[in-house]
Amino acid sequence: MELFLHRYSSLNDREIISQSYKVSRDILKKWLYRDSTNTIIEVPDFKSLLEMKNFIVAINLLIEPFSGHVKGPIGMFYFENGESKDLGELTITATSGEKIDIRLKKYGFEDIMPEGNQKLQTILEDGNIDHFIAAVTYGDDVLWNYKENPSEASFTMEEPDEFWRFE
């Protein structure tokens, strides 16, 4: 099972979009590797694209920086104004086999996270896992083009104000 995402921004009051990035179970395993063969947590065999998306959002919420990053996924988790949605609960399995129940919700510095979120965040931080969009897209130059009426050649931009979405 695989899904795709794009990075988005605007230029001259027009929406621009990056190239498409593929996300698969293998890519998620690489994102969550502790070493060359073991992941920090189990990457499940997803039964649906929604299950895969929720897994990505759950992990990313616990490791993404509070500012200075590419917000996403817009539409599924974040609104375009930056406010977040509460997507309910999800169970993540640690490599030890322990089941950890977490809440798919963005917490601020002053908020008290549920015990499961705190536990999983500690596991992820100990593994030095980067936030999702960095792991999936930062190996390549981001090539931009206008979403409507694209130009003939893609272009690059210096530090655009951007966000990402699942396709």
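Please refer to the structure placed before this passage.
As the structure is a computational prediction, the values presented were derived from the model and not from experiment.

Caption draft 1: Region of the structure containing the pattern of salt bridges. Counted by the stated rule, this structure contains five salt bridges. Residue Lys22 is joined to Glu2 by a salt bridge in which the shortest nitrogen-to-oxygen separation is 3.6 Å. Here the residue Lys22 occupies a position in strand 3 (residues 21–24), and Glu2 occupies one in strand 1 (residues 2–11), the gap between them amounting to 20 residues. Judged by relative accessible area, which is 41%, Lys22 ranks as partly exposed. Close ionic contact of Arg25 with Asp45 constitutes a salt bridge, the shortest N to O distance being 3.2 Å. One end of the pair, Arg25, is in helix 1 (residues 25–31); the other, Asp45, is in the loop between helix 1 and helix 2 (49–63), and 20 residues separate them in sequence. A relative accessible area of 58% means that Asp45 is categorised as exposed.

Caption draft 2: Structural view of the packing of helix 2 against helix 3 (residues 115–126). Viewed as axis vectors pointing N to C, helix 2 and helix 3 meet at an angle of 75°, and their least axial separation amounts to 9 Å. As the angle between them shows, helix 2 and helix 3 are arranged roughly perpendicular. Residue-level inspection shows Ile59, Leu62 and Ile63 of helix 2 in contact with helix 3, the latter providing Asn117, Leu120, Gln121 and Leu124. Residues that form the contact of helix 2 with helix 3 fall into these classes: five nonpolar, two polar and no charged.

Caption draft 3: Spotlight on helix 2. Its 15 residues place the ends of helix 2 22 Å apart at the C-alpha level, agreeing with the 21 Å of an ideal helix rising 1.5 Å per residue. Taken together, the buried positions of helix 2 are occupied by Met52, Lys53, Asn54, Phe55, Ile56, Val57, Ala58, Ile59, Asn60, Leu61, Leu62 and Ile63.

Caption draft 4: Structural context of the nonpolar core. If you look at the biggest cluster of nonpolar residues, it comprises 41 residues, and the most contacted ones within it are Leu28 and Ile59. Per-element accounting of this core gives the leading share, nine residues, to helix 2. Leave out the neighbours within four places in its chain, and Ile59 touches Trp31, Leu32, Ile41, Ile92, Leu120 and Leu124.

Conventions used here
- Residues numbered from 1 in each chain as written.
- Predicted model: local features only at pLDDT ≥ 70, side-chain atom pairs only at ≥ 80, totals over all residues.
- Heavy atoms only, no water.
- Salt bridge = Lys/Arg side-chain N within 4 Å of Asp/Glu carboxyl O.
- Helix = DSSP H or I, 4+ residues; strand = E, 2+ residues; numbered from the N terminus.
- Buried < 20%, exposed > 50% of the residue type's maximum accessible area, 1.4 Å probe, protein only.
- Axes fitted to C-alpha atoms, helices over the stretch in contact; angles between N-to-C directions.
- Parallel < 35°, antiparallel > 145°, perpendicular 65-115°, else oblique.
- Contact = heavy atoms within 4.5 Å.
- Nonpolar A, V, L, I, M, F, W, Y, C, P; charged D, E, K, R; others polar.
- Expected span 1.5 Å × (residues − 1).
- Core = buried A, V, L, I, M, F, W, Y, C linked by side-chain atoms within 4.5 Å.

Don't take any of this as a statement about function, it's just geometry.
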